[in-house]
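Take a look at the letters that make up each chain.
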Amino acid sequence: MTATTVWQGKFLAVKLDGTWEYVSRARGIQAAVILAIDEGHVILVEQYRVPLGRRCLELPAGLVGDEMAGEAVEIAASRELEEETGYRADRIEPIGFFHSSPGMVSEGFTLVRALGLTQVGAGGGDAGEEITVHRVALSTLPDFIAAKRAEGLAMDVKLLLLLGQTLLACA
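These notes cover the structure that comes with them. (Residues numbered from 1 in each chain as written. Predicted model: local features only at pLDDT ≥ 70, side-chain atom pairs only at ≥ 80, totals over all residues. Heavy atoms only, no water.)

## A look at the overall build of the protein chain
Defined as follows: Only DSSP runs of H or I covering at least 4 residues are called helices, and only runs of E covering at least 2 are called strands; the numbering of each starts at the N terminus. Here the radius of gyration uses the C-alpha set of atoms, whereas the globule reference equals 2.2 Å times the residue count to the power 0.38. Each residue's exposure class comes from its accessible area (1.4 Å probe, protein chains only) as a fraction of the maximum for that residue type: buried when under 20%, exposed when over 50%, partly exposed otherwise.
A tally of helices and strands in the protein chain yields 3 helices and 11 strands. In the protein chain, the order of α-helices and β-strands from amino to carboxyl end is β-β-β-β-β-β-β-α-β-β-β-α-β-α. Compactness check: the protein chain gives a C-alpha radius of gyration of 17 Å against a globular reference of 16 Å for 171 residues, within 12% of the reference. Along the first, second and third principal axes, the C-alpha set of the protein chain runs to 50 × 40 × 30 Å. Looking at the protein chain as a whole, 39% of its 171 residues are labelled buried.

Take a look at the structure:
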């Protein structure tokens, strides 16, 4: 069957394919998620997410092609990293394309690695985003995440990338 668009806004479209309902990005927009490791520390962001009704701990990320059609993932990731975190990367390397919730959302994201980081500002995102930047030692990451969870923060599934070895060690 072919999906039909039930509703479309500026960024999202609700689709129906037979009896299956799902959401996709509108206008060919994609996302880039940034793995930024700096001297044994990972750069994380914390921001309020309306669908969750609370703040969420995440890897930095942003939209690709939302302002300029055909934008390269590396350009968007570099821009978003600096805007959200205040860090500039010498180099952005794509790792691969992934889907985070394929039963509900057709959207995928390109995971990139940011290399050669230099802090050039405070970060915090665009006006109204109120992003808090965290530079967390990889050795303390599980405890940091547990503490943030205890504070009531939501956890983005992509944090599992950073917890993988810890989780597998318990198996």
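## Structural notes on the nonpolar core
Filter applied, for reference: For this analysis, a nonpolar core means a set of buried residues of the types Ala, Val, Leu, Ile, Met, Phe, Trp, Tyr and Cys, connected via side-chain atoms within 4.5 Å. Between two residues, a contact is recorded if the distance between any of their heavy atoms is within 4.5 Å.
If you look at the biggest cluster of nonpolar residues, it comprises 17 residues, and the most contacted ones within it are V42, L44, L57, L59, L141 and L162. Secondary-structure elements contributing two or more residues to this core are β4 (30-38), β5 (41-49), β9 (108-119), α2 (141-150) and α3 (160-169). With residues near it in sequence (within four places) discarded, L141 still touches V42, L44, V136 and L162. Among the nonpolar cores identified, the runner-up in size contains 15 residues, and A32, V73, A77 and L117 belong to it.

## A few points about α2
Under the convention used in this document: This arc describes the spread of directions from the helix axis toward the C-beta atoms.
All buried positions along α2 are accounted for by L141, F144, I145 and K148. The arc enclosing the buried residues of α2, seen along the axis, measures out at 95°, which places them on a common side. Turned more than 90 degrees from where α2 packs its buried face, D143 and A150 sit exposed. Each element contacted by the buried residues of α2 is listed here: β5, β6 (54-58), β10 (132-137), β11 (154-155) and α3. A positive phi of about 105° marks G152, the residue just after α2.

## Looking at the sheet that holds strand β1 (residues 4-8)
Heads up, the rule is: The pairing criterion is simple: DSSP has to find at least two bridges between the two strands. To define axes, lines are fitted to C-alpha atoms, for helices over the stretch in contact only, and angles between the resulting N-to-C directions are given on a 0 to 180 degree scale.
If you trace the 3 strands from one edge of the open sheet to the other, you get β1-β2-β3, paired in antiparallel fashion. Each of the sheet's edge strands pairs with one partner strand only, and the pair in question is β1 and β3 (20-25). Neighbour to neighbour, the strand axes of the sheet diverge by 30° on average, direction disregarded. The pairing of β1 with strand β2 (residues 12-17) spans 4 bridges and is antiparallel. Paired with W7 across the bridge in β2 is V14.

## A look at helix α1 (residues 73-85)
Note the cut-off: Expected span of a helix, by definition, is 1.5 Å for each gap between consecutive residues, and there is one gap fewer than residues.
End to end, α1 covers 17 Å across 13 residues, agreeing with the expected 18 Å (1.5 Å per residue, within 8%). Of all the positions in α1, only V73, A76, A77, E80, L81, E84 and T85 are classed as buried. Buried residues along α1 cover an arc of 135° about the axis, so they all sit on one side. Looking at the buried positions of α1, the neighbouring elements they touch are β4, β5, β7 (61-64), β8 (87-99), β9 and β10. Immediately beyond the C-terminal end of α1, within one or two residues, lies G86, with a positive phi of roughly 85°.

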